[in-house]
Amino acid sequence: MVRAGAVGTHLPASGLDIFGDLRKMNKRQLYYQVLNFAMIVSSALMIWKGLIVLTGSESPIVVVLSGSMEPAFHRGDLLFLTNFREDPIRAGEIVVFKVEGRDIPIVHRVIKVHEKDNGDIKFLTKGDNNEVDDRGLYKEGQNWLEKKDVVGRARGMLFWL
C-alpha cells in the first residue's frame, strides 16, 4: 500500500501525466507529434501574414479593450481592419491608431478632417462614450493625427457574447 506523499511516489496534480505519455512514445511517434505542432503554428503564422498582405494593415484583427466606443463596440468585440493608403479618411469613420509612446492601439471615431492643398490630411478622433476629443491621448504637443498613425479602419466586427 502506497500513501500519498510517500517518498518516491508521484501523483500528478491535474490527472494528466504529459511527460509520462511522451516517455511511452517511440521516437517516430514523438517526431510526428512535434512535426504536427510545428505545422499548426506555421499555418497560423502564414494565415496571419496573408491577412496582413490582403488588408494592408499591420494588425488585421483587433480586440476592443475599453468602453470608450460604447454603444457601438463593447469590450471584447473583434474588429476586422483594412488600411489601404489610397482610401481617404473621412469624418465618421472608425479608425484604430497608435500614438507615439503608447503600446496599445486605440479604437475611436474620426470627428474632424483637415485636408491641405498639397494632399496632406490631418484628423481628430474621439471615443463615442467620451466627453472630449482625443487630444489628451496624443503625444505632448500633438493636436492632430496623420495617416501614418493609422493601423487600420474598421470594416467589420464580431460581437463578444
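Residues numbered from 1 in each chain as written. Predicted model: local features only at pLDDT ≥ 70, side-chain atom pairs only at ≥ 80, totals over all residues. Heavy atoms only, no water.

(A) Structural context of the sheet that holds strand β1 (residues 61-63). The strand order β1-β2-β7-β3-β4-β5-β6 describes an open sheet built from 7 strands, whose pairing is antiparallel. At either end of the open sheet lies a strand with only one pairing partner, and these are β1 and β6 (145-146). Across 2 bridges, strand β5 (residues 121-126) lies against β6 in antiparallel orientation. The residue of β6 that forms the bridge with Lys122 is Glu146. (Pairing = 2+ DSSP bridges. Helix = DSSP H or I, 4+ residues; strand = E, 2+ residues; numbered from the N terminus.)

(B) Focus on the pattern of salt bridges. Applying the stated criterion across every chain yields a total of 9 salt bridges. With a closest N to O distance of 3.8 Å, Arg135 and Asp133 form a salt bridge. For Arg135, a relative accessible area of 32% corresponds to the partly exposed category. Salt bridges sharing common partners tie together Asp87, Glu93, Arg153 and Arg155. (Salt bridge = Lys/Arg side-chain N within 4 Å of Asp/Glu carboxyl O. Buried < 20%, exposed > 50% of the residue type's maximum accessible area, 1.4 Å probe, protein only.)

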